[in-house]
Amino acid sequence: MGSDEDRSILQAGERVLLVDAKERRYLITLRTGASFHTHVGIVDHDSLIGSPEGSTVLGSTGRRFLVVRPTLSDAVLKMPRGAQVIYPKDLGAILIEADIAPGARVLEAGVGSGALSMALLRAGADVVGYELREDFAERARSNVAAMVGEGAPYRVEIRDIYEGIEERGLDRILLDLPEPWRVLSHAEVALRPGGILCAYLPSINQTAQLRAAMEPTGFGMASTLEVLHRTWHIEDRSVRPDHRMVGHTGFLTTARLLIPFEDRRVPESETTGRADAGSEDPAQDEPAEE
Ligand code: SAH
């Protein structure tokens with residue numbers, strides 16, 4: 001029974017989130033003998049190592065710090081980034097809209113700082129990333145290793161996805177780059193039928209251009225949404241929306257690769273005498289026998 005508690009014990013080498021009295025957050029990696037300096041005091045890592053998550057420790061000046069392991073959202077907002085990351089509110093929506101499930105074969109481009117990669121891997125997908133910049137690819141690999149672990153099914157290649165996609169039979173393609181319409185023809189051969197393409201774009205002009213470019217392609221069932229996320233201030237008698245919110249991030253567009261419809265109806269003259277035979281078996285609607 002002790003195991004629930006054991007899982008809470010913080011170990012050297014782990015990343016933790018420190019939260020001070022003013023709710024400022026700091027992401028640090030625990031090292032034996034090290035200390036973390038903030039302008040409100042020093043926290044010894046040794047006072048954190050061996051404590052359970054959720055503990056409060058005192059810094060050198062007597063200030064309190066709360067310590068917990070970072071959630072994926074904490075990690076995304078605090079990790080080193082070069083490119084703009086996809087915000088947690090949108091990461092959640094992408095996982096559902098693109099229907100990411102364990103074992104799904106996913107191609108992602110560009111990889112940027114790896115925020116979306118982490119969310120995909122945490123949901124159990126196998127991820128291949130294409131990224132133009134070696135420095136971003138390297139940062140994404142290290143961010144992913146820190147959050148998801150070294151053994152994650154994750155590979156990043158330095159490639160321009162506008163030039164083509166090598167993989168075949170993909171379940172999902174996720175795009176966070178400026179001109180996703182330039183990927184559609186490659187995606188049509190790389191995705192399996194029924195596969196989902198999901199593109200994240202900051203402006204509605206780009207989104208409209210993508211939707212128009214999809215019209216003559218094999219992509220259908222297209223939909224576009226944005227996520228409005230408003231937090232609330234709840235304290236005593238003051239219960240109201242917070243004054244500030246992230247007003248805009250991006251638009252999410254999904255579509256599915258469909259098989260072109262060929263009209264296979266047999267002309268009536270060829271079906272004489274065999275009307276309805278073999279079709280619409282009502283028994284198929286009945287529940288299977290236990
Ligand atoms: N989704 C990422 C952020 C991506 S930022 C995250 O959550 O962290 C956009 C990235 O796309 C940049 O790193 C840029 O270098 C890359 N990129 C732009 N055009 C590309 C292309 N044609 N092929 C591959 N990567 C591309």
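Just so it is clear, the model here is predicted, and its values are computed rather than measured. Sequence positions are assigned chain by chain, starting from 1 and proceeding in written order. Local features in this predicted model are restricted to residues whose pLDDT is 70 or higher, and side-chain atom pairs enter the listing and the counts only when it is 80 or higher, whereas totals over whole chains, interfaces and linings include all residues. The side-chain values count all of the structure's non-hydrogen atoms but skip hydrogen atoms and water molecules.

Moving on, we get to the packing of aromatic side chains. Two rings from Phe, Tyr or Trp (for Trp, the six-membered ring) form a pair when their centres sit within 6.5 Å of each other. Planes less than 30 degrees apart are called stacked, planes more than 60 degrees apart edge-to-face, and all others tilted. If you walk through the whole model with that rule in mind, you get one aromatic pair. By the criterion adopted, a ring carries a charge over it if an Arg CZ or a Lys NZ lies within 6 Å of its centre and within 35 degrees of its normal. Lying over the aromatic face of F136, R133 brings its terminal NZ or CZ to 3.9 Å of the ring centre.

Next up on the list: the pattern of salt bridges. Salt bridge, as applied in this entry: a Lys or Arg side-chain nitrogen positioned within 4 Å of an Asp or Glu carboxyl oxygen. Per the counting criterion, the structure on display carries 15 salt bridges. Across the salt bridge formed by R24 and D20, the nearest N and O atoms sit 2.8 Å from each other. Buried residues are those whose accessible area, probed at 1.4 Å on protein chains only, stays under 20% of the maximum for their type, while exposed residues exceed 50% and partly exposed ones sit between those limits. We classify R24 as partly exposed; its relative accessible area is 30%. What emerges from the salt-bridge pattern is a single network uniting R155, E157, R159, E166 and E167.

Here we take up a nonpolar patch on the surface. Residues W232, I234 and V239 make up a contiguous nonpolar surface patch of roughly 340 Å² in combined accessible area. Going along the chain from the N terminus, every DSSP run of H or I of four or more residues is numbered as a helix, and every run of E of two or more is numbered as a strand. Topologically, I234 is positioned in strand β13 (residues 232-235). Patch construction takes residues with relative accessible area above 30% that form no salt bridge. Like charges are linked within 9 Å, and nonpolar side chains (Val, Leu, Ile, Met, Phe, Trp, Tyr) are linked within 5 Å. Computed with the Shrake-Rupley method and a 1.4 Å probe, the accessible areas treat only the protein chains shown as cover for residues.

Regarding helix α7 (residues 204-214), the residues found buried are Q206, T207, L210 and M214. Along the long axis of α7, the arc covered by the buried residues comes to 100°, so they all point the same way. The directions from the helix axis to the C-beta atoms form the arc being described.

To continue, consider the side chain of S113. One can find S113 in the loop between β7 (105-109) and α4 (115-122). The term polar contact refers here to a pair of N or O atoms within 3.5 Å; inside protein, the definition further demands a hydrogen-donor-capable atom paired with an acceptor-capable atom, and it admits residues adjacent in sequence only when both atoms are side-chain atoms. A distance of 3.3 Å separates a polar atom in the side chain of S113 from the backbone nitrogen of G82. Throughout, a residue-residue contact means that at least one pair of heavy atoms, one from each residue, lies within 4.5 Å. Beyond its immediate stretch of four places on either side in the chain, S113 contacts M79, P80, R81, G82, A83, V85, R139, A140 and N143.

A few words now on the site of the ligand. A molecule or strand has a residue near it when one of that residue's heavy atoms lies within 4 Å. If you check the shell around the ligand, you find 21 residues, and the closest are E131, F136, D160, I161 and D176. Contact between the ligand and G114: an oxygen atom at 3.2 Å from a main-chain N or O atom of the residue. The backbone of I161 places a nitrogen or oxygen atom 3.0 Å from a nitrogen atom of the ligand. In isolation the ligand offers 580 Å² of accessible surface; the protein chains occlude 90% of this area. Within the residue set of the shell around the ligand, elements represented by two or more residues are α4 and β8 (126-131). Each residue gets one of three labels, nonpolar for Ala, Val, Leu, Ile, Met, Phe, Trp, Tyr, Cys and Pro, charged for Asp, Glu, Lys and Arg, and polar for the others, Gly among them. Of the residues that constitute the shell around the ligand, the class distribution is 12 nonpolar, five polar and four charged.

Looking now at the sheet that holds strand β9 (residues 154-158). Each strand in a sheet pairs with another by means of backbone hydrogen bonds, the pair being arranged parallel or else antiparallel. In space, the seven strands of this open sheet follow the order β9-β8-β7-β10-β11-β15-β12, with mixed pairing throughout. The sheet is open, and its two borders are formed by β9 and β12 (219-225), each paired with just one other strand. Adjacent strand axes in the sheet meet at a mean angle of 15° when their direction is disregarded. Each of β11 (191-201), β12 and β15 (251-257) touches α7; the most contacted strand, β15, lies at about 10° to it. Paired strands are those between which DSSP finds at least two bridges. Between N-to-C directions, angles cover 0 to 180 degrees, with each direction set by a line fitted to C-alpha atoms, over the stretch in contact for helices.

This brings us to the packing of helix α3 (residues 88-97) against α4. Packing of α3 against α4 leaves a shortest axis separation of 10 Å and a crossing angle of 45°. Taken together, the axes of α3 and α4 lie oblique to each other. The interaxial crossing formed by α3 with α4 has right-handed handedness. Of α4, the residues touching α3 (which contributes L91, I94 and L95) are A115, L116, A119 and L120. Split by residue class, the contact of α3 with α4 holds seven nonpolar, no polar and no charged. Oblique is the label for any angle not under 35 degrees, not over 145, and not in the 65 to 115 range, which are roughly parallel, roughly antiparallel and roughly perpendicular in turn. Should the near helix be turned anticlockwise from the far one by less than a right angle, the crossing is termed left-handed; should it be turned clockwise, right-handed.

Boundaries of every domain are those given by an automatic assignment or by a domain database. Here the protein is described as being made up of domain 1 (12-70) and domain 2 (74-257). Look at where the C-alpha atoms of domain 1 and domain 2 centre, and you get two points 32 Å apart. Counting from both sides, the interface comprises six residues of domain 1 and, opposite them, six residues of domain 2. Around 580 Å² of area is buried between domain 1 and domain 2 when both sides are counted, 58% of it from carbon and sulfur atoms. Accessible surface is computed with a 1.4 Å probe, and the buried area is the amount of it that two parts give up when combined, taken over both parts together. Of all residues in domain 1, the largest losses of buried area upon contact with domain 2 belong to R15, R25 and P70, amounting jointly to 72% of the total for that side. Summed over the shared surface of domain 1 and domain 2, the number is one salt bridge. Ionic pairing is found between D74 and R25, a salt bridge with its closest N-O pair at 2.7 Å. Here domain 1 is connected to domain 2 by two residue pairs in polar contact (both at pLDDT 80 or more).

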